[in-house]
Each structure stands twice: as C-alpha cells, then as structure tokens.
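One-letter residues, chain by chain:
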Amino acid sequence: MNKALFLDRDGVIINYIPYLSNPAQVEIPGGAGQALRQWQDAGYLLIIVTNQSGVGRGYFSLDDVEAVHVRVFTEYQRFGVSFHDVLICPHHPDEGCKCRKPSPYLLLEAAKKYNLDLCQSYFIGDAPSDLDCAIQAGCHPVLLLTGRGTSTVEEIEKYPMEVTVFQQICETIKLI
C-alpha cells in the first residue's frame, strides 16, 4: 500500500490569505519546498486537501481556484516537488455536502483511488477542520502554528489522540 502526506492549502503550503483567488498573491513559506521534497523522496504521495467555500459563496470561480493551483505547482516545481492530486470542496458551508472538511470523505476516496494506508499517512493542517478530518480518516494529525494554527492550538486538548505540533512546515521532516 501507498502512504500519503495530505496537506491543507491556505496557511500550510502557501501563506494564509482569506479567500485567496489571485495567483500573484501566492507565496510559499520558507523551507516548504525543501521539506515537501524530502517527504516526496521518502515515498509519500503529496495530496492537497482544501475547502474553497469562496466558490460556493460566489467570491470567485473554480477557474480562479485552478489558476491559484497552477501558480502553487509552478512555485513548488522549482524544488522538484509535484503534487499527486488536489482534492477540493467548493461548497458553501451551509450546503451540507459530504466533501467539506472536517468530513473525512475526500481522504477516504483518495485512499481507495491510490491504495493508501491511512494509518501510515499524515495530514498537516492549521485549522480544527484539518485535525478532525485527519482523526476521522485514521491519519496522523499534524498542526502547524501558521495561518490559523495559533488559535487552533488553544483547543488542542479536546482531541482524543495526540496531535503533533510544529511551528513551520520545514520542521515536519522530523516525522519521516
């Protein structure tokens, strides 16, 4: 079976800007390219999992989301990093869809599609929805204190299992 490194987008693999829709605003955190290259070289499939409710709210289109992702891919290709897949929930939070994090649906579907062992996989995020999603899917939850992570860490004791916490994504290579 394969193993994956699931990654939230905003606040994790790119600097946090609420409802980001302009590719020119994409900035990757320092050390992120090198860190994700190490995860990739260690045999992890890199899979982005992102809620993009700005689509459902009418703030921007799926084409805008795709343009941002093209910029993300271009920035990371400089480090030899390629993402295996991007899983997107474009729905408004009130729609009640099955794909919006904290639902584990997108991770479970990826596990079937890519023959993933979720117990050997990690999910790096900055929000409670990321941690809840990881736990429900059976992945190891990892919290970054970037983006929304500084407020998320205040609730860390509510989780039924240990959540590994790092200041920055470059530190996560200690888990490999």
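Just so you know, the residues in each chain are numbered from 1, in the order the chain's sequence is written. Under the rules for a predicted model, residues below a pLDDT of 70 receive no local features and side-chain atom pairs below 80 are neither given nor counted, while totals for whole chains, interfaces and linings still include all residues. Each side-chain value is worked out from all heavy atoms of the structure, with water and hydrogens disregarded.

- The name given to the chain in an unreviewed UniProt entry is D,D-heptose 1,7-bisphosphate phosphatase, and the organism recorded there is Dolichospermum planctonicum CS-1226.
- UniProt positions are given in the numbering used here, feature names are shortened, and annotations may be inferred rather than shown by experiment. Taken directly from UniProt, the Sequence similarities (unreviewed entry) text for the chain runs: "Belongs to the gmhB family."

1. Details of the sheet that holds strand 3 (residues 85-89)
Thinking step 1. The sheet built from six strands is open, its strands ordered 3-2-1-4-5-6 with parallel pairing. Single-partner strands in this sheet number two, and they are strand 3 and strand 6 (164-166). Across the sheet, the mean angle from the axis of one strand to that of its neighbour is 20°, orientation sign disregarded.
Thinking step 2. The contact definition used throughout considers only heavy atoms, calling two residues in contact when any of these lie within 4.5 Å. Axis geometry follows a simple rule: fit a line to the C-alpha atoms, using only the stretch in contact for helices, then measure angles between N-to-C directions, giving values from 0 to 180 degrees. In DSSP terms, a helix is any run of H or I states spanning at least four residues, a strand is any run of E spanning at least two, and both are numbered starting from the N terminus. Contacting strand 1 (3-7), strand 2 (44-51), strand 3 and strand 4 (122-125), helix 4 (residues 105-114) runs over the sheet at an angle of about 150° to strand 3.
Thinking step 3. The sheet contacts of helix 5 (residues 128-137) involve strand 4 and strand 5 (140-144), and relative to strand 5 the element is tilted by about 165°. Think of it this way: DSSP has to see at least two bridges between two strands before they count as a pair.

2. Thoughts on the packing of aromatic side chains
Thinking step 1. The rule is short: rings of Phe, Tyr and Trp, with Trp giving its six-membered ring, pair when the centres are within 6.5 Å, and they are stacked under 30 degrees, edge-to-face over 60, tilted in between. Going through the model one piece at a time under the given rule, you end up with seven aromatic pairs.
Thinking step 2. Ring centres of Tyr19 and Tyr59 lie 4.8 Å apart, and the angle between their planes is 85°; this geometry places the pair in the edge-to-face category. With Tyr19 in the loop between strand 1 and helix 1 (32-41) and Tyr59 in the loop between helix 2 (53-56) and helix 3 (62-77), this residue pair connects regions lying 40 residues apart in the sequence.
Thinking step 3. The buried label goes to any residue with under 20% of its type's maximum accessible area, the exposed label to any with over 50%, and the partly exposed label to all in between, with areas taken from a 1.4 Å probe on protein chains only. The exposure class assigned to Tyr59 is partly exposed, which follows from its relative accessible area of 48%.
Thinking step 4. Between Phe73 and Phe83, the aromatic rings sit 6.0 Å apart at their centres with planes inclined by 40°, giving tilted as the arrangement. Of this pair, Phe73 sits in helix 3 while Phe83 sits in the loop between helix 3 and strand 3, and the two are 10 residues apart along the sequence.
Thinking step 5. Accessibility expressed as a relative area gives 15% for Phe83, which makes it buried.
Thinking step 6. Through successive ring pairs, a cluster of aromatic residues spans Trp39, Tyr44 and Tyr122.

3. Brief notes about the pattern of salt bridges
Thinking step 1. Whenever a carboxyl oxygen of Asp or Glu lies within 4 Å of a side-chain nitrogen of Lys or Arg, that contact is scored as a salt bridge. Per the counting criterion, the structure on display carries 10 salt bridges.
Thinking step 2. For Asp10, the salt bridge goes to Arg9, with nearest N and O atoms at 2.9 Å. Judged on exposure class, the residue Asp10 and its partner Arg9 are both buried.
Thinking step 3. Asp126 is the salt-bridge partner of Arg148, the closest N and O atoms lying 3.5 Å from each other.

4. Notes on the environment of Val49
Thinking step 1. With respect to the helices and strands, the residue Val49 is situated in strand 2.
Thinking step 2. Along the sequence, Val49 and Glu155 sit 106 residues apart, while their C-alpha atoms lie 22 Å from each other.
Thinking step 3. Residues contacting Val49, with those up to four places away along its chain left out, are Phe6, Leu7, Asp8, Arg9, Leu87, Lys101, Leu106, Leu107 and Phe123.

5. A look at the nonpolar core
Thinking step 1. By convention a nonpolar core is built from buried Ala, Val, Leu, Ile, Met, Phe, Trp, Tyr and Cys residues, the set being connected through side-chain atoms within 4.5 Å. In this structure, Leu5, Leu7, Ile13, Leu36 and Phe83 are the most contacted members of the largest nonpolar core, which totals 24 residues.
Thinking step 2. Mapped onto this core, the elements with two or more residues apiece are strand 1, helix 1, strand 2, helix 3, strand 4 and strand 5.
Thinking step 3. Ranked by size, the runner-up nonpolar core spans 20 residues in total, among them Ile47, Cys99, Leu107 and Ala111.

6. Observations concerning helix 3
Thinking step 1. Working rule for helices: expected span equals 1.5 Å times residues minus one. For helix 3, spanning 16 residues, the distance from its first C-alpha to its last is 22 Å, which sits close to the expected 22 Å at 1.5 Å a residue.
Thinking step 2. Buried within helix 3 we find Val65, Val68, His69, Val72, Glu75 and Tyr76. Each buried residue of helix 3 sits inside an arc of 120° when the element is viewed along its axis, so together they form one side. For helix 3, the exposed residues set more than 90 degrees away from the buried face come down to Asp63 and Gln77.
Thinking step 3. Residues of helix 3 that are buried make contact with helix 1, strand 2, helix 2 and strand 3.
Thinking step 4. In the analysis that follows, any N or O atom pair within 3.5 Å is treated as a polar contact, provided that within protein one partner can donate a hydrogen and the other can accept it, and provided that, for residues neighboring in sequence, both atoms belong to side chains. Measuring from the side-chain oxygen of the N-cap residue of helix 3 to the backbone nitrogen of Asp63 gives 3.3 Å; that N-cap residue is Ser61. Comment: arc refers to directions from the helix axis out to C-beta atoms.

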